[in-house]
Amino acid sequence: MKKITLLLISFLTLSFGYSQKMEFDFLQSSLDEGELKNYQYIKPHFLGDKVARKIKLIDLAYKWEDPPTAMRSTPLIKIEKQPIYFALRKVISPRYYKNKIKSKSITKDEAIEQITEILDIALMIRYQDTEDLESMLRGIDNGDNVIDVFKNNIELIYF
């Protein structure tokens, strides 16, 4: 019994030690959708056009093509800040929110609001120092934990 109690206390101490909020600057300019005017096709998302447009902005911000070279005939896709991008992919997946909506743990409107907030944060932190966030996201294996990190461990500083 004492071992279980000590284990529980140490676990709670560790979890509260890591729950310190990371601060990032709020950058309204990073949410500008003007860049999307150059794209004729944006892949649809079942949560709607607003979410699909945000996902396209994420792809444009975090991914780019390295053009072919003399040694390589095909373009190479590069992803910057991979832990953040791949954590977002877990949440962006239609399957994640379809299962949540089907089990009635969240409504479609709440899902749209939640994913929009997370994608906005990801767009704003793109050019900021995110090493602590990246190390936190490396060990995450499901979308619920990704949402928890973005909602509870990130604080935007408005100036």
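Look up a bit, the structure's there.
These numbers come from a predicted model, not from an experiment.

Novice: Could you clarify how one ought to interpret helix α2 (residues 49-62) in this entry?
Specialist: Each turn of an α-helix holds 3.6 residues, which means side chains three or four residues apart point in the same direction. Taking 1.5 Å of rise per residue, 14 residues should cover 20 Å, and α2 covers 20 Å from first to last C-alpha, within 8% of that figure. Where α2 is concerned, the buried positions are Val51, Ala52, Lys54, Ile55, Leu57, Ile58, Asp59, Ala61 and Tyr62. Looking at the buried positions of α2, the neighbouring elements they touch are β2 (63-66), β3 (76-79), α3 (82-92) and α5 (108-124).

Novice: Honestly, the environment of Lys78 in this entry has me stumped. Any pointers?
Specialist: Residue position: Lys78 is located in strand β3. On the basis of relative accessibility, which here comes to 33%, the residue Lys78 falls in the partly exposed class. Sequence spacing of Lys78 and Tyr62 is 16 residues, and the spatial spacing of their C-alpha atoms is 8.3 Å. Contacts of Lys78, omitting those with residues within four sequence positions, involve Tyr62, Lys63, Trp64 and Asp66.

Novice: Whenever I open this one, the pattern of salt bridges confuses me. Can you help?
Specialist: Pairs can form between side chains of opposite charge once their charged atoms are near each other. Under the criterion given, the structure shown has seven salt bridges. Across the pair Lys54 and Asp120 runs a salt bridge, and its minimum N-O distance is 2.7 Å. Separated by 66 residues along the polypeptide, Lys54 in helix α2 and Asp120 in helix α5 bring together distant segments of the chain. In this structure Asp120 comes out as buried when scored by relative accessible area, which is 15%. One salt bridge in this structure joins Arg72 and Asp66, with 3.4 Å as the shortest N-O distance.

Novice: Would you explain the nonpolar core in this entry?
Specialist: In globular proteins that are soluble, nonpolar side chains generally tend to be buried together. Grouped together as the largest cluster of nonpolar side chains are 40 residues, with contacts concentrated most on Leu88, Tyr97, Leu133 and Phe150. Those elements that place two or more of their residues in this core are β1 (22-25), α2, α3, α4 (94-102), α5, α6 (131-138), α7 (143-152) and β4 (154-157). Sort the elements by how many residues they give to this core and α5 lands first, with eight residues. If we ignore the near neighbours within four places in the chain, the residues touching Tyr97 are Phe46, Leu47, Val91, Ile106, Ala111, Gln114, Ile115 and Ile147.

Novice: It is not clear to me how the layout of surface pockets should be interpreted in this structure. Could you clarify?
Specialist: The rolling of a water-molecule-sized probe over the atoms marks out the regions of remaining empty space. In this structure, the largest pocket encloses a volume near 240 Å³. If you trace the largest pocket, you find 13 residues lining it, with Lys43, Pro44, Ile55, Asp59 and Arg89 closest to the centre. Put simply, the parts of the chain that give the lining of the largest pocket at least two residues each are α2 and α3. In terms of residues, the lining of the largest pocket owes the most to one element, α2, which gives four residues. Across the lining of the largest pocket, the residue classes break down as seven nonpolar, two polar and four charged. Size it by volume and the second largest pocket reaches roughly 180 Å³. Forming the walls of the second largest pocket are Ser29, Ser30, Asp32, Glu35, Leu57, Leu60, Ala61, Leu123, Arg126 and Tyr127. Sorting elements by how many residues they give to the lining of the second largest pocket places α2 first, with three residues. Its residues assigned to classes, the lining of the second largest pocket shows five nonpolar, two polar and three charged.

Quick notes on the rules
Residues numbered from 1 in each chain as written. Predicted model: local features only at pLDDT ≥ 70, side-chain atom pairs only at ≥ 80, totals over all residues. Heavy atoms only, no water. Helix = DSSP H or I, 4+ residues; strand = E, 2+ residues; numbered from the N terminus. Expected span 1.5 Å × (residues − 1). Buried < 20%, exposed > 50% of the residue type's maximum accessible area, 1.4 Å probe, protein only. Contact = heavy atoms within 4.5 Å. Salt bridge = Lys/Arg side-chain N within 4 Å of Asp/Glu carboxyl O. Core = buried A, V, L, I, M, F, W, Y, C linked by side-chain atoms within 4.5 Å. 1 Å grid on protein atoms, 1.4 Å probe; cavity = no way out; pocket = protein on both sides within 12 Å on 5 of 7 lines; lining within 4 Å. Points joined across faces, edges and corners; volume = space filled by probe spheres on them. Nonpolar A, V, L, I, M, F, W, Y, C, P; charged D, E, K, R; others polar.

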